[in-house]
Amino acid sequence: MSLRGGHLLSLDTVSVEEILDVLDTAESFVEVHQRTIRKVPALTGRVVASLFFEESTRTRLSFETAAKRLSADVISLAVASSSVKKGESLRDTIATVEALGLDAVVLRHRSSGAAEQVARFVPHVHVVNAGDGQHQHPTQGLLDAFTVRQVLAERRGVTGRETGAELFRGLRVLIVGDVRHSRVARSDIAVYRRLGAEIRVVGPGTLAPDALAKWGVTVSHDLDEVLEWADVIGLLRIQSERGSGSFVPSLEEFSRHFGLSTERLARVSPDTLIMHPGPMNRGVEIDHAVADAPQSVVTRQVANGVPVRMAVLYLTVAGGEGR
Amino acid sequence: MSRRVLRGGIVVGPSTSQRGDVLIDEGRIMAVGENLDSGGAEEVDCTGAWIGPAFVDLHTHLREPGGDAAETITSGARAGVVGGYSALVAMPNTDPALDSVPVVRDVLERGRASVLDVAVCAAITVGRRGERLAPLGDLAALGVHLFSDDGTGVANPQVMRRALEYARPLGVRLAQHCEDADLCEGGVMNEGEWSLRLGLGGRPVAAEEIMVARDLDLLRWTGGRLHLLHLSSARSVSLALAARAEGLDVTFEVTPHHLVLDESACADYDPVTKVHPPLRGRHDVDALGELLRDGRIDAVATDHAPHTPESKDRPFDEAPAGLLGLEHAAALTHEVLGGDRPVDLFRLLSRTPARIARLHERGLLGLSAHGGDVVAGEDANLVVFDPSETWIVDRARLQSRANNTPYHGRTLTGRVRHTLVRGELRVREGDLQ
């Protein structure tokens with residue numbers, strides 16, 4: 001199913017044209033943000049439900065802001081803190097919400113594949129995956145690509161739209177940390193690969209398994225060896241519980257070997273982009289100072305979340321019509 | 001009418017097949033031969049079909065007691081006869097577990113009221129908790145021949161060793177679910193390229209092979225009889241075959257789903273493909289098929305595991321593991337065998353499993369004899385299998401209470417035409433009677 005008028009479930013199945021469709025549309029929505037009245041009537045009368053079965057204030061706010069700027073009615077259900085029990089089937093929960101009459105569901109769920117299942121349960125409702133387990137976080141992947149293109153295009157003094165996918169060809173993207181458990185990494189890898197970038201992942205053997213090579217990425221286990229190679233460094237959040245399990249001996253050791261420290265930053269070119277999907281564990285995968293370094297585009301990522309999510313909602317729900 | 005003649009089929013023996021009729025009376029086979037005089041017996045058309053011993057499933061989750069929303073002994077038995085079975089071995093992971101004489105007696109009692117013979121695989125340990133031995137001696141005295149904690153394996157090697165030692169002089173066989181629980185922690189599908197892509201926790205093939213190797217080493221030391229349930233890796237099969245070549249009394253089964261579905265079936269996150277051990281990589285699926293065609297697999301068992309639709313409407317990681325098997329196992333096995341191997345089909349689905357469960361002996365648990373030759377004097381537990389009929393699986397038309405089949409919409413070749421249990425025609429022209 002195509003993105004326009006359909007769902008956004010995973011970036012594994014999205015074409016280059018669809019990715020550029022989102023990025024170009026998002027670019028036009030950045031303007032909206034700069035107006036005095038930050039609203040367009042694109043989704044007037046449409047109902048968007050944000051269903052968060054897992055806490056995520058940032059992503060939820062970003063989506064809800066995006067939906068409101070498109071003039072949609074937003075039903076917000078923080079299921080993680082509501083009365084929905086773990087025992088209730090996903091189908092029942094969705095059926096309950098569907099009965100309210102919906103055009104779209106923005107779904108965050110702790111289980112991989114939940115968005116695909118919901119799209120099967122309610123096929124006539126547009127489903128936007130806002131992160132499913134360890135599988136995908138497609139809008140994060142799209143806003144990361146958007147941010148990279150935006151910054152690189154600015155450096156050339158052109159708009160992103162004019163460059164299409166050109167700026168990604170041969171771009172060296174390094175993804176650092178807990179790739180195994182990261183839905184952001186899966187979405188980033190999918191979008192960057194599709195756009196023609198060269199990708200390396202680096203992390204300990206437990207978190208950056210060699211089997212990742214089958215995705216067309218190069219796997220490394222030594223950050224210092226690959227650090228200077230990168231045009232873009234994408235850091236991943238490491239869950240604190242990983243440090244106490246069998247994946248890494250401790251967060252301190254992880255940080256020593258795979259953290260972007262001030263010392264490592266000194267070796268990174270001033271042109272390199274440093275990215276993080278947030279929330280950051282300052283002092284673990286990223287040093288306090290590094291997060292605020294000139295190469296860091298973390299705040300841009302957050303800001304771009306809204307126009308990219310506006311673009312996704314607009315394209316899926318309205319099929320790109322009615323502006 | 002109890003007098004019937006199965007007319008015009010191909011009678012499948014232990015090594016050859018030949019055209020013939022089978023005359024049945026009083027639950028027994030009276031005569032086998034060409035152009036038998038029916039003497040007014042009911043004629044049952046078997047033209048173009050294979051007549052052999054009805055199938056015996058070593059591995060059926062009938063869910064009673066405690067799980068009758070998903071299946072009952074009655075509904076599971078119906079699914080069984082539609083699939084060509086005359087005997088099922090009920091697995092012990094019920095609630096309460098089949099770990100005591102009263103519970104086992106109750107299941108056998110309900111089985112007697114069903115359309116086929118129900119035998120029991122009782123628990124090895126109390127509550128299947130892997131700690132204290134269940135009353136193996138009392139249950140063996142009752143006639144129980146198979147014991148397993150299936151659902152899970154006996155994780156503690158000391159407990160498994162004691163169980164083997166205790167079981168050996170009783171003459172019974174322990175059946176193990178081989179998956180190391182620690183290696184499978186958090187795992188919901190085969191560990192590999194697909195689990196990584198889908199972001200689902202993995203159950204590595206090594207978890208099975210390690211436990212197979214461990215139990216074979218224990219068996220070498222203790223002696224006794226071991227059956228390995230649902231082997232899903234070619235290496236597991238090699239280990240079992242090597243152990244048997246040494247003289248160990250080990251038997252094993254594979255399931256239809258591990259023969260025809262690989263891990264990529266999980267790609268759309270439909271929990272109907274979630275099963276333990278998980279659907280494996282293509283390499284193992286192909287290798288198991290090769291072993292099957294080479295005659296190196298002992299038995300095909302279904303691991304028929306009904307679950308309610310509600311439980312399969314959950315996310316993949318939360319849904320229970322297991323899928324239906326009874327109604328399609330024969331056609332799927334037939335497909336993997338290549339479509340023209342009647343002797344092997346009946347060996348895999350009837351003769352060998354009957355011997356592993358000791359159901360070839362009349363009288364065990366008060367049941368009739370299964371998996372025998374199609375000759376005069378044998379109990380008339382027979383199936384008539386049409387090797388060329390093609391049909392499409394429809395989950396809305398199953399005899400099982402549940403509908404969690406991964407084969408919905410699949411075209412199958414080969415179908416059970418008639419099933420006879422103790423001479424009674426339980427399925428006629430594919431329809432339950």
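Reading the values: the criteria
The numbering scheme is per chain: residues are counted from 1 as the chain's sequence reads. Ligands are numbered from 1 and chains lettered from A, in the order in which they are written. Reporting in this predicted model follows two pLDDT cut-offs: at least 70 for local features of residues, and 80 or more for side-chain atom pairs to be given and counted; totals over whole chains, interfaces and linings ignore these cut-offs and use all residues. Only hydrogens and water are set aside; all other atoms, that is, all heavy atoms of the structure, feed into the side-chain values. We call a set of buried Ala, Val, Leu, Ile, Met, Phe, Trp, Tyr and Cys residues a nonpolar core when their side-chain atoms join them within 4.5 Å. Summary of the burial criterion: residues with accessible area below 20% of their type's maximum are buried, those above 50% are exposed, and those between are partly exposed, where the area comes from a 1.4 Å probe applied to protein chains only. Runs of E in the DSSP output that reach at least two residues are strands. Runs of H or I that reach at least four are helices, and both are numbered from the N terminus. How far each domain reaches was decided by an automatic or database domain assignment. Contacts are assigned to residue pairs with any non-hydrogen atoms lying within 4.5 Å of each other. Strand pairing requires that DSSP identify at least two bridges connecting the strands. Convention adopted: a line fitted to C-alpha atoms gives each axis, helices being fitted over their contacting stretch, and angles between N-to-C directions are expressed from 0 to 180 degrees. Throughout, buried area stands for the accessible area (probe radius 1.4 Å) lost by two parts on being put together, summed over both. Basic side-chain nitrogens of Lys or Arg form a salt bridge, by our definition, when they fall within 4 Å of a carboxyl oxygen of Asp or Glu. Two N or O atoms form a polar contact when they lie within 3.5 Å of each other; inside protein one atom must be a possible hydrogen donor and the other a possible acceptor, and for residues adjacent in sequence the pair counts only when both atoms belong to side chains. As a working rule, the residues Ala, Val, Leu, Ile, Met, Phe, Trp, Tyr, Cys and Pro are called nonpolar, Asp, Glu, Lys and Arg charged, and the rest polar, with Gly in that last group. Here the aromatic set is Phe, Tyr and Trp, taking the six-membered ring for Trp, and pairing holds for ring centres within 6.5 Å; pairs whose planes are under 30 degrees apart are stacked, those over 60 apart are edge-to-face, and all others are tilted. Criterion for a charge above a ring: Arg CZ or Lys NZ at most 6 Å from the ring centre, at most 35 degrees from the ring normal.

1. A word on the nonpolar core
Residue and element names in this part refer to chain B.
Phase 1 of the analysis: Counting 109 residues, the largest nonpolar core has Leu116, Phe147, Leu174, Leu228 and Leu359 as the members making the most contacts within it.
Phase 2 of the analysis: By residue number, the principal contributor to this core is helix α11 (residues 342-356), which donates 7 residues.
Phase 3 of the analysis: Split by domain, this core shows at least three residues from each of two domains, domain 1 (4-50 + 376-390 + 410-432) and domain 2 (54-366).
Phase 4 of the analysis: Once you skip the residues sitting within four places of it in the chain, Leu359 turns out to touch Val56, Ala87, Val89, Ala119, Ala354, Leu364, Leu367, Ser368, Ala369 and His370.

2. With respect to the sheet that holds strand β15 (residues 299-300) of chain B
All names here are of chain B.
Phase 1 of the analysis: The 8 strands are arranged β6-β7-β8-β9-β10-β13-β14-β15 in an open sheet whose pairing can be described as parallel. Lying at the two open borders of the sheet, with one neighbouring strand each, are β6 (55-60) and β15.
Phase 2 of the analysis: Sheet analysis places strand β13 (residues 225-228) next to strand β14 (residues 249-254), joined by 4 bridges and oriented parallel. Note that in β14 the partner of Arg225 across the bridge is Asp249.
Phase 3 of the analysis: Against the sheet, helix α7 (residues 234-246) contacts β13 and β14, and its axis sits at roughly 155 degrees relative to β14.
Phase 4 of the analysis: Along the sheet face, α11 touches β6, β7 (85-90), β9 (146-147), β10 (173-176), β13, β14 and β15 and points at about 65 degrees away from the line of β6.

3. Quick word on the domain arrangement of chain A
Residues and elements named next belong to chain A.
Phase 1 of the analysis: Domains assigned within chain A are domain 1 (11-136 + 305-314) and domain 2 (138-302).
Phase 2 of the analysis: For domain 1 versus domain 2, the separation of C-alpha centres amounts to 25 Å.
Phase 3 of the analysis: Each side of the interface is counted separately: domain 1 has 33 residues, and domain 2 has 30 residues.
Phase 4 of the analysis: Interface area, domain 1 with domain 2, both sides summed: about 2,600 Å², of which 60% is carbon and sulfur.
Phase 5 of the analysis: Summed over the three residues of domain 1 that lose the most area to domain 2, namely Leu11, Leu23 and Gln134, the buried surface amounts to 25% of that side.
Phase 6 of the analysis: Connecting domain 1 to domain 2 are 3 salt bridges.
Phase 7 of the analysis: Of the charged contacts in the structure, one is a salt bridge between Arg183 and Glu54, with a shortest N-O distance of 2.9 Å.
Phase 8 of the analysis: Counting across the domain 1 and domain 2 interface gives 15 residue pairs in polar contact (both at pLDDT 80 or more).

4. Thoughts on the domain arrangement of chain B
All names here are of chain B.
Phase 1 of the analysis: Each assigned domain of chain B is listed with its residue range as follows: domain 1 (4-50 + 376-390 + 410-432) and domain 2 (54-366).
Phase 2 of the analysis: Domain 1 and domain 2 are separated by 28 Å when their C-alpha centres are compared.
Phase 3 of the analysis: Each partner contributes residues to the interface: domain 1 has 28 residues there, and domain 2 has 29 residues.
Phase 4 of the analysis: Across the domain 1 to domain 2 interface the summed buried area is about 2,200 Å²; carbon plus sulfur atoms make up 63%.
Phase 5 of the analysis: Where domain 1 meets domain 2, there are 3 salt bridges.
Phase 6 of the analysis: Across the salt bridge formed by Arg410 and Glu335, the nearest N and O atoms sit 3.0 Å from each other.
Phase 7 of the analysis: Taken together, the links from domain 1 to domain 2 amount to 10 residue pairs in polar contact (both at pLDDT 80 or more).
Phase 8 of the analysis: Every element with two or more residues in the side of domain 1 that touches domain 2 is listed here: β16 (382-392), β17 (411-421) and β18 (424-428).
Phase 9 of the analysis: Ranked by residue count, the leading element in the side of domain 1 that touches domain 2 is β17, at 7 residues.
Phase 10 of the analysis: Here the residues of the side of domain 1 that touches domain 2 are counted per class, giving 13 nonpolar, 9 polar and 6 charged.

5. Overview of the pattern of salt bridges
Phase 1 of the analysis: Applying the stated criterion to the full structure yields 49 salt bridges over all chains.
Phase 2 of the analysis: With a closest N to O distance of 2.9 Å, Arg267 of chain A and Asp224 of chain A form a salt bridge. With Arg267 of chain A in the loop between α10 (262-266) and β9 (273-275) and Asp224 of chain A in helix α8 (residues 223-226), the pair connects residues that are 43 residues apart, well separated along the chain.
Phase 3 of the analysis: Residue classification places Asp224 of chain A among the partly exposed positions, given a relative accessible area of 33%.
Phase 4 of the analysis: A salt bridge links Arg7 of chain B to Glu43 of chain B; the nearest nitrogen and oxygen atoms lie 2.8 Å apart. In this pair, Arg7 of chain B is assigned in strand β1 (residues 4-12) and Glu43 of chain B in strand β4 (residues 42-45), connecting sequence segments 36 residues apart.
Phase 5 of the analysis: Assessed through its relative accessible area of 38%, Glu43 of chain B is described here as partly exposed.
Phase 6 of the analysis: When salt bridges that share partners are traced, they join Asp224, Glu228, Arg264 and Arg267 of chain A into one network.

6. Regarding the pairing of strand β5 (residues 50-53) of chain B
Residues and elements named next belong to chain B.
Phase 1 of the analysis: Two elements, β1 and β5, share 2 bridges in a ladder whose sense is parallel. Residue Val11 lies in a different strand from β5, and its bridge partner there is Ile51.
Phase 2 of the analysis: For β5 and β16, the ladder comprises 4 bridges, and the chain directions are antiparallel. Bridge pairing in β16 places Trp50 opposite Phe385.

7. Some details on the pairing of strand β2 (residues 17-25) of chain B
All names here are of chain B.
Phase 1 of the analysis: Bridge analysis of β1 against β2 gives 7 bridges, and the strand direction is antiparallel. Along β2, the bridge assignment pairs Val12 with Ser17.
Phase 2 of the analysis: Hairpin connection, β1 to β2: the antiparallel pair is bridged by 4 residues.
Phase 3 of the analysis: One ladder, built from 5 bridges, connects β2 with strand β3 (residues 28-33); its direction is antiparallel. Each bridged residue has a counterpart across the sheet, and for Ile24 the counterpart in β3 is Ile29.

8. As for the interface of chain A and chain B
Phase 1 of the analysis: In this complex, chain A contributes 24 residues to the contact, which on the side of chain B involves 19 residues.
Phase 2 of the analysis: Summing both partners gives a buried area of about 1,800 Å² for chain A against chain B, and 47% of it is carried by carbon and sulfur.
Phase 3 of the analysis: Area buried by chain A at its contact with chain B is led by Ser112, Gln117 and Trp215 of chain A, which between them contribute 24% of it.
Phase 4 of the analysis: Linking chain A to chain B there are 4 salt bridges.
Phase 5 of the analysis: Taking the shortest distance from any N to any O, the salt bridge between Glu318 of chain B and Arg110 of chain A comes out at 2.8 Å.
Phase 6 of the analysis: For the side of chain A that touches chain B, the secondary-structure elements that each account for two or more residues are α3 (90-98) and α4 (114-121) of chain A.
Phase 7 of the analysis: Across the side of chain A that touches chain B, the residue classes tally to 6 nonpolar, 9 polar and 9 charged.

9. Some words on the sheet that holds strand β7 (residues 218-220) of chain A
Residues and elements named next belong to chain A.
Phase 1 of the analysis: Here 5 strands make up an open sheet; going across it, the order is β7-β6-β5-β8-β9 and the pairing parallel. Every other strand in the sheet has two partners, leaving β7 and β9 as the edge strands with one partner each. Direction aside, neighbouring strands of the sheet carry axes that sit 20 degrees apart on average.
Phase 2 of the analysis: Against the sheet, helix α5 (residues 138-156) contacts β8 (232-235) and β9, and its axis sits at roughly 160 degrees relative to β9.

10. Considering the environment of Asp21 of chain B
Residue and element names in this part refer to chain B.
Phase 1 of the analysis: Within the element layout of this structure, Asp21 appears in strand β2.
Phase 2 of the analysis: Given the relative accessible area of 4%, Asp21 is considered buried.
Phase 3 of the analysis: Distance in space between the C-alpha atoms of Asp21 and Leu36 is 6.2 Å, their sequence separation being 15 residues.
Phase 4 of the analysis: Apart from the residues within four sequence positions on either side, Asp21 is in contact with Val5, Leu6, Arg7, Gly8, Ala31, Val32, Gly33, Glu34, Asn35 and Leu36.

11. A short note on the packing of aromatic side chains
Phase 1 of the analysis: As enumerated under the stated definition, the model contains 6 aromatic pairs over all chains in all.
Phase 2 of the analysis: Taking the centre distance of 5.7 Å and the plane angle of 70 degrees together, the rings of Phe55 of chain B and Tyr85 of chain B count as edge-to-face. Of this pair, Phe55 of chain B sits in strand β6 while Tyr85 of chain B sits in strand β7, placing them 30 residues apart in sequence. Grouping residues by exposure puts Phe55 of chain B and Tyr85 of chain B together as buried.
Phase 3 of the analysis: Summarising the aromatic geometry, the rings of Phe55 of chain B and Phe346 of chain B are spaced 5.7 Å apart at their centres and angled 35 degrees between planes, so their arrangement reads as tilted. Within this pair, whereas Phe55 of chain B is found in strand β6, its partner Phe346 of chain B is found in helix α11, the two being separated by 291 residues in sequence. A single burial state applies to Phe55 of chain B and to Phe346 of chain B, both of which are buried.
Phase 4 of the analysis: An aromatic cluster is present here, built from Phe55, Tyr85 and Phe346 of chain B joined pairwise through their rings.
Phase 5 of the analysis: Directly above the aromatic system of Phe63 of chain A lies the positively charged group of Arg309 of chain A, at a separation of 4.9 Å from the ring centroid.
Phase 6 of the analysis: Across the ring face of Trp391 of chain B, the terminal group of Arg415 of chain B is positioned such that the distance to the ring centre comes to 4.2 Å.

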